[in-house]
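Chain residues, written in single-letter form:
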Amino acid sequence: MSGRGAQGERVRSAEEPLERESELAEIRRAIAHAREGRGALLAIEGPSGIGKSRLLASAAALARRDDMELLLARAGELEGEYPFGVVLRLFEAQLHRADADEQRRLLRGRAMLAAPLLDAGSVDARPPATGDEFALIHGLYWCLVNLAERGPTVLLVDDVQWADDLSLRFLNYAAQRLDDLPVALLFAIRTGDPGAESALATRLAMQSQHSLRPVELSLDAVRQMLAASEVPAVRQEEFVQASWETTGGNPFLVSELLATIRQEPDRWSRADPASVQTFAPQSVGRNVILRLESLGPDAIAFARACAILGDAPLTSVGRLSGLDLGDAAAAAERLTKAQVLAAVDPPTFAHPMFRSAVYGEIAPETRPRAHATAARLLHDEGAGPDEVARHLVVGVPIDDAWALGALHDGAKAAARKGAPGTAVRYLRRALGLSPTAQRDAAMLMDLGMFEAAAGDKMSIARFEEAMTMITDPSERARALYALGQTLYRYGRHSEAAATFKRGAELFGEDDEELGRMFTGAHVCAAWFTASMRDEAYTWLEASAAEFADRPPRTASDRVLMAALAMRRAALRPPAAPHAALGLAALGDGALVREQSSEGLAANLAIIALVWCGHAADAERALDCVLEDARRRGAAPAFAEASFVRALVMRARGRVTEAMADAQAAIDVSERGWSSMEPAPQAILADCLIERGELDAAAEAVDAAERVRASAESRVMNSWLFYVRGRLRLLRADPHGALEDFLSAGELIEAHGMLNPAAPLGIWRAPAGLAAHAAGDAALAGRLIDEEITLARRYAVRAQLGGALRIRAATEDDAVALKTLEQAIAALEDADAPLELARALADLGRLRRRAGQRVACREPLRRALDLAHRCGALALERFTHDELLASGARPRSAVLSGFEALTPSERRIAELAANGLTNREIAETLFLTRNTVQWHLRHIYRKLGADCRAALSAQLAAVGRDGGSN
C-alpha cells in the first residue's frame, strides 16, 4: 500500500523497488492517462536484471488497485516462431472468462476479423487463405477498442524483444492508434544483448512518448538490500562495498547474491569480503542449478518440464515431469519459495535467465525426446494445433498419424495467423516423415500455397502431383487457381501466369468455361511478364470477336474484356472508346461480386478507364473493390486496390488522397504483398514533390530503389525512374533527370504502351524539358513534339495539355503565351485540375513578366484555388508569391463551404451524411475514432453545420447544384 507522510511526501511501499521513484511516477502518469480516456505508451528499457519486470509488476498492482482491465503477457526466449503467441496470452484470458454475450460484444464489428485467431480450437478443413495478417491485426485492434469501451485498460508486455513478429506488428499497429483509447500500453525491452535484438521491437520503443531507463542501484540501496540478510558478516561495510562493485548495482544480481547467501549461510558467515568477487554474472545460471539440486529430484524434474513447455498449466507441467498433481504442486511451491519460480499455477520462472539456465542444463541429446513427449501430452490434452506443432518440429521425428495431422493442422493455424514461413516449416517436417506413397494430397497442396505466400520457391509439378490424388475436379481447379492468385499477389507474375496457363490446359478440354477462367487469369498475369505478354495478348486479340462485341455472358467474359480493355487502351488510338470495354467488364460491380476483390481482372479494367480519360468512373468502381476487400479483411487485395486508387487520385490531381492511398499500399507491401512494387513508393514520392517536401521525396525514392521489380516485371521500375527524374530536375541535375526519364520511357515502350496516359502519364515531355535544361534543344523539341502528336492521336486531353505546358517552358515568352492558352483550352474539360492549375500559374507568371499586372491575376487566382483544393502545396506557395508580385492581395485559401473540405474530409463527410457513426467510419477507412472526430469538427466548422442532419442536407444541396470534385 502507499500513503503520505506528515509533510505530504509519498511514503514508499515496502513492495515497491528501491530507487525507482521517478520511474514509478511515470508509470502512474501513464495509467492516469488511461483512466482519463487518453492513450499512453511507455517503454521500459535496460539490460537484463535492471528491474524492468519489477516495474511492470508495480504497474499491474496499480491497475488492479484501480479496478482497471488488465492484460499481461511475457514473451519467451524459445517461442519466437509461435505466431501471435504474445497476443494470444494478452487476449485469450479475457475471452475465456467472458460469457457468450460478452464474447460477442468483444468481437463485434471489425473485431470479428480476429475471431479465427482467438478461436484457437477451430481448424478449418480447407486450405486457409494466406496473407490475412493485416485483417487479423486490424481485427485485434478493434477487439482492444471493444474491451476498452468496458473500462480503462492496461496492457503489460515483458521481454518484448523476444515476442514473435506478428505480435510485434500488432503492438506497433495499436501503439499508433492509442490516442483516443483509455488504454495504457507498457512494455519492457532488453538492451545490450545482440541475441535479443528485434527491429520491430526497436520500432515500438521509438514510438513511446517517454522511455524509462532505470539505472543501477546506488551503494546505499545495496546496503538496504543486504541489511535483510540474517548473516551478520554480510551487513559489514566492506562486504556491502564488495557486493556493490561485483554486481554493478544490478538489482537482479544483488537479489541472486542474497539468495545464494541464504542457501549457504554458514559459508558466507565465514567468507572474506573479497570472496564476493567469485559471484559473477555468468555464475547465476550455475547458482540456479545448485539451488535446484538442493530442492530434490522432484523439483529438478518439474523445473526441466517447465523449461520445455514454457507457459503451461501446472497439470501439464506435472504430467511432463512424471509427477502426480500433489507432488507437482509441492515441487512448484518449493521452487517458488526458493525464488526460482515466480508463481505456482501457471508455473512461471522468476527471470528469463533462470529458464535459459535450466533449459541449457538439459542434455542436448535429451531435449528432442522431451519436446516430442511434450507434443504428445499437449495433443492428448486437446491443446491448440500450433502449440503441439512447435514441439513436434524440434522433437525427435514421430511419423504416427496424430503427429502428422498435428503438424498439418498447426501449419494451417500458422497460415491463418499470417505466418506462412512457420507453416512451411511444419509441413516440410510432416512431408519428410511421410512415405512417398502415402503422402496426403491436401498436405502437398497446402505446402505449395504456403511456400508461395512465404516467398519460397515451390514446384508446380509437385502441386500437380497432389491434384492427381483429388478426385473432385472442381476442388482440383479451385486449388490451382488459388495458387495462381497467391503467386500473383506476391509479385511472382511469371509463376502465376504459368500456373494459370497450366490450369487452362488441364481443365479447358472438359469444362470450357473453367478453361476460359484460367485463360483470362493467365492473360491478366502475363501483362506484367516480359516473356509471356506478347503471346498471351496476340491470342487475346485473335479471340476478341468471341466476346468483345457483345454484352458479357459469363465471369470469364468479364475477365477477358478487362484484359483487352487494358491492352487496347495502351496501344490502339483513340483511347476513349475502349472505356466501354472496361465498363462492360466491371458491370457496375458484377465482376467484383463474381470474383471478389481478390480476383485479378477488376483492377486492370479500372486502370484501363484511367488511361481512357475516365478517372471519375474508375474511382466509383474502386469503391466497390475496396469495400469488398475491407469486408473480407483481404490485405493483399486491399493493398492493390489502394495502389490503383492512388493512381486514380493522382490522375485527378488529388495529391493528399493519392498520398494516403499509396502509403496504405506500402504499409501492406512491407508484410509481403509486392505485386506492384516499386510503384506505390514512387507515387508517394511524386506526391511529396507536389507538396514541396523534396527531402522526404528523396527518402521515398530510396525506398523504391530497395524494392525494384524483378527482370520479368521490370516495367514497374518505370515509376522509379520517372519520379527520380522529376526529383533530379528540381535539384538542378538535368543530365541525370534526362537519363531517368529516358530509362522510364524505354521500359514503357518495350512493354508496348504508346498511349501517353499509360502507365504513369507523359514522360517524353519531361524528358524534353530535361534535355532543354541540359542544352540539347534538338532532342528537347523532338521529344516534346512526339508527346504532343501521340496525345492528339489518343485524344487524351490531360496529357495533351500537360505536354503543351511543358513545350511553353522551352519557348520564348511571346510564343509560350499562345502555347499555354492552347494547353488551358485542352485542360478545361479534362478532369485534371492539378495540370490545369500548373498551366494557369505559368500563364499568370508570363503575363506578369510581360507587364500585364492586371491580366495575370485572374489565372493566378484560379491556379491558387485549384492548387489548394488539390493539396499541391508547392504550387500553391508559388502561385501565392506570384500574386503578391503582381501587386494583388491574394485571399487566404478557402476556409468555408464544400470546396474548403480536403479530400479526406469529403470522404468522411459523405459517410457521416449517410448515417455512419464515428466508429463505423473509423472501421471503414481504417482510421481511429479520434481521427474521425477531429475531422468532423473541422467539417462542421467549414460547412457551418452542427449535426449530421445539417451535414446531410448541405451535401445533398451540393449534389443538386453539381458540386465540383
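None of these values were measured; they are calculated from a predicted model.

(A) Spotlight on the packing of aromatic side chains. Under the definition given, this model contains eleven aromatic pairs. Through successive ring pairs, a cluster of aromatic residues spans Tyr481, Phe500, Phe507 and Phe518.

(B) Up close: the packing of helix 42 (residues 813-827) against helix 43 (residues 833-849). Look at helix 42 against helix 43: their axes get within 9 Å of each other, and the N-to-C directions meet at 155°. The angle between helix 42 and helix 43 falls in the class roughly antiparallel. Remark: the crossing between helix 42 and helix 43 carries left-handed chirality. Seen from helix 42, the contacting residues are Asp813, Ala816, Leu817, Leu820, Glu821, Ile824 and Leu827; seen from helix 43, they are Glu835, Leu836, Ala839, Leu840, Asp842, Leu843, Leu846, Arg847 and Arg849. Grouping the constituent residues of the contact of helix 42 with helix 43 by class yields ten nonpolar, no polar and six charged.

(C) Geometry of the pattern of salt bridges. Under the definition given, this model contains 61 salt bridges. Across the pair Asp66 and Arg65 runs a salt bridge, and its minimum N-O distance is 3.2 Å. With a relative accessible area of 24%, Asp66 lands in the partly exposed category. On the basis of relative accessibility, which here comes to 52%, the residue Arg65 falls in the exposed class. The closest approach of N and O atoms between Asp842 and Arg805, which form a salt bridge, is 3.8 Å.

(D) Spotlight on empty space enclosed by the protein. Under the defined criterion, the tally for this structure stands at four cavities of 30 Å³ or more. The volume enclosed by the largest cavity comes to roughly 140 Å³. Along the walls of the largest cavity sit 15 residues, with Phe528, Met566, Trp611, Met716 and Pro759 positioned nearest its centre. Broken down by secondary-structure element, the contributors of at least two residues to the lining of the largest cavity are helix 31 (601-611), helix 33 (635-651) and helix 37 (717-730).

(E) Structural context of unusual backbone geometry. Cis geometry marks the peptide bond from Asp345 to Pro346; its omega dihedral reads 0°. Mapped onto the elements of the fold, Pro346 is located in the loop between strand 8 (341-343) and strand 9 (348-349). Cis geometry is adopted by the peptide bond preceding Pro759, which originates at Ala758 and carries an omega value of -10°. The residue Pro759 is located in the loop between helix 38 (734-750) and helix 39 (764-773) in this model. Unlike most non-glycine residues, Asp67 shows phi in positive territory, near 55°. Structurally, the position occupied by Asp67 is in the loop between helix 2 (52-65) and strand 4 (69-74). The phi angle at Ser596 is positive, at roughly 70°, despite the residue not being glycine. Counting through the fold element by element, Ser596 comes out in the loop between helix 30 (590-595) and helix 31. We classify Ser596 as buried; its relative accessible area is 10%.

(F) Expanded view of a negative patch on the surface. Judged by side-chain charge, Glu509, Asp510, Asp511 and Glu512 come together as a negatively charged surface patch. Tracing the sequence through the fold places Asp510 in the loop between helix 25 (493-507) and helix 26 (512-526).

Conventions adopted
Each residue is numbered by its place in its chain's sequence as written, counting from 1. Since the coordinates come from a predicted model, pLDDT governs what is reported: local features require at least 70, and pairs of side-chain atoms require 80 or more to be given and counted, while whole-chain, interface and lining totals use all residues. Note: side-chain values were computed over all heavy atoms of the structure, leaving out hydrogens and water. Pairing of aromatic rings covers Phe, Tyr and Trp, the last counted by its six-membered ring, and requires centre-to-centre distances within 6.5 Å; plane angles under 30 degrees mean stacked, over 60 mean edge-to-face, and any other angle means tilted. Only the stretch in contact is used when a helix axis is fitted, and all axes are lines through C-alpha atoms; the angle between N-to-C directions ranges over 0 to 180 degrees. Put simply, DSSP H or I for four residues or longer makes a helix, DSSP E for two residues or longer makes a strand, and each gets a number counted from the N terminus. For this classification, under 35 degrees means roughly parallel, over 145 means roughly antiparallel, 65 to 115 means roughly perpendicular, and everything else is oblique. Take the far helix as your reference; a near helix turned counterclockwise from it by less than a right angle gives a left-handed crossing, and one turned clockwise gives a right-handed crossing. Contacts are assigned to residue pairs with any non-hydrogen atoms lying within 4.5 Å of each other. Put simply, Ala, Val, Leu, Ile, Met, Phe, Trp, Tyr, Cys and Pro go in the nonpolar bin, Asp, Glu, Lys and Arg in the charged bin, and everything else, Gly too, in the polar bin. Salt bridges are defined as contacts in which a side-chain nitrogen from Lys or Arg sits within 4 Å of a carboxyl oxygen from Asp or Glu. For the exposure calls, accessible area comes from a 1.4 Å probe over protein chains only, and a residue counts as buried if that area is under 20% of its type's maximum, exposed if over 50%, partly exposed in between. Two kinds of site are reported from a 1 Å grid over the protein atoms alone, namely cavities, where a 1.4 Å probe fits but cannot get out, and pockets, open sets with protein on both sides within 12 Å along at least five of seven lines, and residues are called lining when an atom falls within 4 Å of a point. Grid points are joined across faces, edges and corners, and a volume is the space filled by probe spheres set on the points. Patches here: salt-bridge-free residues with over 30% relative accessible area, like charges joined within 9 Å, nonpolar side chains (Val, Leu, Ile, Met, Phe, Trp, Tyr) joined within 5 Å. All accessibility values rest on the Shrake-Rupley procedure with a 1.4 Å probe; residue burial counts only the protein chains present in the view. Asp and Glu are treated as the negative residues and Lys and Arg as the positive ones, with His and the ends of the chain left uncounted. In this description, the location of a charge corresponds to atom NZ of lysine, CZ of arginine, CG of aspartate or CD of glutamate.

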